[in-house]
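Coordinate analysis (summary)
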Amino acid sequence: MAIETESDLGSEDWDEILEPNAAVFNLRLREVWLYRDLLYLFTYRDIVSFYKQTILGPLWFFIQPIFTTLVYVLVFGKIAKLSSDGIPQILFYMSGVVLWNYFSECFNKTATVFRDNAALFGKVYFPRLLIPLSIVTSNLIRFAIQFGLFLALLVYFVAIGEVSPNAWALLLPLSVFVMATLGLAFGMLFSALTTKYRDLIFLLQFGVQLLMYATPVIYPMSQIPAGISGVLAWNPLAPVFELTRLGFLGSGTVSIGGLVYAATFAVVAFLVSTVIFNRVERTFMDSV
Amino acid sequence: MSAAIRFESVSKRYRLGEVGTGTLSHDLHRFVARLLGRPDPFALVGTLNDREVADGFGDGSRDDLPSDNAGDNARDETTGKRSVGSRAKRQNDYVWALKDIDFEVPRGEILGIIGRNGAGKSTLLKLLSKITAPTSGRIKTKGRVASLLEVGTGFQPELTGRENIYLNGALLGMRRHEIRSRLDEIIDFSGCAKYIDTPVKRYSSGMTVRLGFAVAAHLDCEILVVDEVLAVGDAEFQNRCIGRMREVSAGGGKTVLFVSHNMGSVRSLCRQGVVLDRGEVVTMAPISDAIRDYFDLNAGAETGAHWHGTVDPTSAFAVEHVSVVGQGQPSYAATDQSNVISPDEAFQITIQYTVGKPLPPMRVGFQILSGEGPVVVEAYDSDAPDCRGPRSPGRYCSTCTIPGHLLSPGWYYLTLNAGIPHVENLFNKAGVVKFRIHESELDRAQRTRRSGVLQPCFQWETKPS
């Protein structure tokens, strides 16, 4: 069947060779870089299509955290009377809600990436990693807006002298980095596994919710009994939440070791899940 | 001329049946086999992609199989389930959509890929476009590959035409500055200049397609892969697309791979053709030979001037025999093959059939398809006024005489059809008979090949005036 043209096999230089199994530890980040414009356009698309044809438009970015915070204040603060470590309850819960929103949005959206984009993935090739990355960046913009709301509230409470931020606040980028990376890593891991085993979607649905209770979102670390705090220390998200509260609200339990652990955990998880993600991405179209 | 693409024993296996049941156990089997150093236990099973045998459905049901409806992958796997229905087939849960594909495409070539539904065409393009990885084998490419498996992929309805050009271009691998430098050209080609700042959701489907193709047509790539996308859009736009692809290949030295069921556009665009059947390459040849082979595949290799049907005495309608026979004197002793007809010779198409029970007014007829693609004519016995009444049981023979000096030289295929108009289709079979109109002596003498499917001998009068 093959037509024989000149067979100068040795001298031919192919630009690309498609094979059943690619190198395992190739993260293909160079390719992502080549497609960086697409990352920008995806992010733009996500942001714009979020509020197109809504009356309140970008205002929706504020409404959700405000209402959630109010409900938390009511339920956990007033009814359950959980401690907020001496911090005004509205600030305490809002910091938790805004941070947790960012992580859980990254996680949830990334986890269904293959399912949500099957039509697109089936028609055109681009580094699949771009979609999770665009989720993280477009949510970062949302996070920035919501965090702005938190800061505005903070300014008021600082003015009346109820809280005093300190230098730990400068480590906010580290917190964001750890949350984004962890959200991405867990999300990609789930998305890779759910293409074949759909069961995991159900696990995801309540898993994220349960994870919230294992993270100091609605309670401070300082209130945890010694026996349980040892277990909760394994949660790489815990130091991040405590760090942010310590920096901006002046109260939190932070250790350097915990921060190093969280950052290392995030990076390792990201590398591992990228490898798995890239592996699945090559043939997921056959099983999705 | 060096190669731009080379397929080296490329195979692709799909799993049939419902995914999700049994995958875990298969994965465990594989894992154990790998631990023991044995080969993949599922690499051995799997049949060639022969859907007709497996699912036993008619023509229509073949349309929704793995490799073809490039769109619905999710459904691919589940439609396969039907063919697993019979217990004998149960162990063949895997199917080879492509098996040991080996060929090479030289740079600057426009290659047509043809084959029936389910032959593996779309799978081939998907592998080449990196949408899915081959099960075994290697594909080597030189230069950037841009694939157009669907027009307007990733269009975001809320964004404007202009924004979507950027998005779509970036999806196909273009940088923003590249798109910006060609924006005017793209808008111009699409013919959507007036609506370019309107959200795409307000576009007509035709406009969406035009915009999508316009982006792809201005891609900066070395290899362009185009699937059946031209089926949409009007004739004028299709011609523009084909023109553009030809331009791209001739001027830019780009390699184009084109999949289509429309033999007309394949013929007008491609120089070389690959015929795929059941996942294997049947022919790789100049396009006219490839198209002929494709038609032969459809018709069955042994198809000649005669066809004998199987008569079931209980059925309401059965075709016994169909034949194409040349009338009168051939202008020269063409050949001893009975299905070769001289261009000036009238010929008869005879259909012999049995009607098993009284039928309302029905008709029996045929389509003549040119080997190059289009349907040339369609005719029914009910064209004759005395043949429009109810039909009582018995044997019938319908003969249609087609005058000489009508069809141009080439291969023709007959599709047989019988039915009660608007009520019931009694019989339909494509490619029952094939025949060839020989080149006329005049054409041979003048060494010309006229264009057109028909080549009637009109009346001409030329005199000094």
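Conventions and cut-offs
Counting of residues starts from 1 at the beginning of each chain's written sequence and follows it residue by residue. Chain letters start at A and ligand numbers start at 1, both assigned in the order the entries are written. In keeping with the model being predicted, local features are shown solely for residues with a pLDDT of at least 70 and side-chain atom pairs are shown and tallied solely at 80 or more, while totals for entire chains, interfaces and linings include all residues. With hydrogens and water set aside, each side-chain value is computed from the structure's full complement of heavy atoms. Here a patch means residues that are over 30% exposed by relative accessible area and free of salt bridges, tied together within 9 Å if like-charged and within 5 Å if nonpolar (Val, Leu, Ile, Met, Phe, Trp, Tyr). Computed with the Shrake-Rupley method and a 1.4 Å probe, the accessible areas treat only the protein chains shown as cover for residues. Note on definitions: salt bridges are taken to be side-chain nitrogens of Lys or Arg within 4 Å of carboxyl oxygens of Asp or Glu. Lys and Arg are tallied as positive, Asp and Glu as negative. Neither His nor the chain termini are counted. In plain terms, the charge of a residue is placed at NZ if it is Lys, CZ if Arg, CG if Asp and CD if Glu. What counts as a helix is a DSSP run of H or I of at least four residues, what counts as a strand is a run of E of at least two, and both are numbered from the N terminus. To sort residues, take the accessible area from a 1.4 Å probe on protein chains only and compare it with the maximum for the residue type: under 20% means buried, over 50% means exposed, and anything in between is partly exposed. We call two residues contacting when some pair of their heavy atoms lies within 4.5 Å. By convention, the term buried area covers the 1.4 Å-probe accessible surface removed from two parts as they join, with the contributions of both added. N or O atoms closer than or at 3.5 Å make up a polar contact, with two conditions inside protein: a donor-capable atom paired with an acceptor-capable one, and, for residues adjacent in sequence, both atoms drawn from side chains. Only C-alpha atoms enter the line fits that serve as axes; for helices the fit covers just the stretch in contact. Angles between N-to-C directions range over 0 to 180 degrees. Reported orientations rely on four angle classes, namely roughly parallel under 35 degrees, roughly antiparallel over 145, roughly perpendicular from 65 to 115, and oblique for the rest. In this scheme, a crossing is called left-handed if the near helix is turned counterclockwise away from the far one by less than a right angle; it is called right-handed if the turn is clockwise. By the convention used here, strands pair only if DSSP detects at least 2 bridges between them. What a helix should span is 1.5 Å times the count of its residues minus one. Aromatic pairs are defined between Phe, Tyr and Trp rings, using the six-membered ring for Trp, whenever the two ring centres lie within 6.5 Å; interplanar angles under 30 degrees are classed as stacked, those over 60 as edge-to-face, and all others as tilted. Space inside and on the surface of the protein is sampled on a 1 Å grid over the protein atoms alone, with a cavity defined as a set of points where a 1.4 Å probe fits but cannot get out and a pocket as an open set with protein on both sides within 12 Å along at least 5 of 7 lines; lining residues have an atom within 4 Å of a point. Grid points are joined across faces, edges and corners, and a volume is the space filled by probe spheres set on the points. Under the scheme applied, nonpolar residues are Ala, Val, Leu, Ile, Met, Phe, Trp, Tyr, Cys and Pro; charged residues are Asp, Glu, Lys and Arg; polar residues are all the others, including Gly.

A grouping of Asp 13 and Asp 15 of chain A together with Asp 220 and Glu 222 of chain B is seen on the molecular surface, where their side chains present a negatively charged patch. Here Asp 13 of chain A is to be found in the segment before β1 (16-18).

Turning next to the pattern of salt bridges. According to the stated counting rule, one finds 20 salt bridges over all chains in the structure shown. For Asp 46 of chain A, the salt bridge is made with Arg 45 of chain A, and the minimal N-O distance between the two is 3.4 Å. Under the relative-accessibility criterion, Arg 45 of chain A is labelled buried at 13%. We note a salt bridge from Arg 144 of chain B to Glu 178 of chain B, for which the minimum N-O separation is 3.7 Å. Placement of the pair is Arg 144 of chain B in the loop between β5 (136-141) and β6 (145-148) and Glu 178 of chain B in helix α6 (residues 176-190), with a sequence separation of 34 residues. Judged by its relative accessible area of 33%, Arg 144 of chain B is partly exposed. Among the charged side chains, a salt-bridge network with shared partners connects Arg 6, Glu 8, Glu 104, Arg 138 and Lys 140 of chain B.

For interface size, the figure often reported is the accessible area lost on association. Chain A puts 47 residues into the contact, and the matching count from chain B is 60 residues. Broken down residue by residue, the surface that chain A buries against chain B is led by Trp 14, Leu 18 and Lys 123 of chain A, which jointly contribute 17%. In this structure, the connection of chain A to chain B is made through four salt bridges. Between Arg 175 of chain B and Asp 37 of chain A there is a salt bridge, with the nearest N and O atoms lying 3.0 Å from each other. Scanning the region where chain A abuts chain B turns up eight residue pairs in polar contact (both at pLDDT 80 or more). Contributions of two or more residues to the side of chain A that touches chain B are made by β1, α1 (29-34), α2 (36-51) and α6 (118-121) of chain A. A per-element tally of the side of chain A that touches chain B places α2 of chain A first, with 10 residues.

All names here are of chain A. Relative orientation of the contacting elements helix α8 (residues 172-194) and helix α11 (residues 237-249) amounts to 155°, with a least axis distance of 9 Å. Here α8 lies roughly antiparallel to α11, going by the angle between them. Crossing hand, α8 versus α11: left-handed. Together, Leu 172, Leu 174, Ser 175, Val 178, Met 179 and Leu 182 of α8 and Leu 237, Val 240, Phe 241, Leu 243, Thr 244 and Phe 248 of α11 make up the contact between the two elements.

With that settled, consider the pairing of strand β19 (residues 424-437) of chain B. Residue and element names in this part refer to chain B. Examined bridge by bridge, strand β13 (residues 340-341) and β19 share two bridges and lie parallel to one another. Of the residues in β19, the one forming a bridge with Val 340 is Arg 436. The pairing of strand β18 (residues 410-420) with β19 spans 10 bridges and is classified as antiparallel. Residue pairing across strands places Leu 414 opposite Val 433, the latter belonging to β19.

All right, on to unusual backbone geometry then. Not every positive phi belongs to a glycine, and Asp 85 of chain A is a case in point at roughly 60°. Positionally, Asp 85 of chain A belongs in the loop between α3 (60-79) and α4 (89-111). You will see that His 405 of chain B, though not glycine, has its phi angle at about 55°, which is positive. Note that His 405 of chain B resides in the loop between β17 (394-402) and β18.

Moving on: the pairing of β18 of chain B. Residue and element names in this part refer to chain B. Among the 11 residues that make up β18, 10 are buried, leaving the element largely enclosed by the rest of the structure. As paired strands, strand β15 (residues 363-370) and β18 are joined by eight bridges and run antiparallel to one another. Within the sheet, the bridge partner assigned to Gln 367 lies in β18 and is Thr 415. Hairpin remark: β18 followed by β19, antiparallel, with three residues in the connecting loop; positive phi at His 422, about 65°.

Our next topic: helix α7 (residues 130-159) of chain A. If you check α7 of chain A, its first and last C-alpha atoms are 42 Å apart, about what 30 residues at 1.5 Å a residue would give, namely 44 Å. At the C-terminal side of α7 of chain A, Gly 161 of chain A shows a positive phi close to 75°.

Residue and element names in this part refer to chain A. Across its 13 residues, α11 extends 18 Å between first and last C-alpha, which sits within 8% of the 18 Å expected from 1.5 Å per residue. A large share of α11 lies buried, amounting to 13 of its 13 residues. A positive backbone phi angle near 80° is found at Gly 250, which sits one or two residues after α11.

Hydrogen bonds between backbone atoms are what pair the strands of a sheet, whose relative direction is either parallel or antiparallel. All names here are of chain B. Taken in spatial order, the four strands line up as β11-β12-β14-β17 in an open sheet, and their pairing is antiparallel. Each of the sheet's edge strands pairs with one partner strand only, and the pair in question is β11 (306-308) and β17. Geometrically, the sheet is characterised by an average inter-axis angle of 15° between neighbouring strands, direction not taken into account. As defined by bridge partners, β11 adjoins strand β12 (residues 317-326) across three bridges and the pair is classed as antiparallel.

Residues and elements named next belong to chain A. One pass over the full model with this rule turns up 30 aromatic pairs over all chains. Judged by centre distance (5.8 Å) and plane angle (75°), the rings of Phe 114 and Phe 121 are edge-to-face. Consider the rings of Phe 147 and Phe 150, whose centres lie 5.2 Å apart with planes at 45°: the pair is tilted. Note that Phe 147 and Phe 150 are positioned in helix α7 at a spacing of three residues, about one turn of the helix.

Before going further, it helps to examine empty space enclosed by the protein. Here the idea is plain: a probe the size of a water molecule rolls over the atoms and shows the empty space left. Residues and elements named next belong to chain A. Throughout the structure, instances matching the rule amount to eight cavities of 30 Å³ or more. Considered as a void within the structure, the second largest cavity measures approximately 60 Å³ in volume. Lining the second largest cavity are 10 residues, with Phe 114, Arg 115, Thr 194, Thr 195 and Arg 198 sitting closest to its centre. The set of elements that each furnish at least two residues to the lining of the second largest cavity consists of α5 (113-116) and α8. Partitioned by chemical class, the residues of the lining of the second largest cavity number four nonpolar, four polar and two charged.

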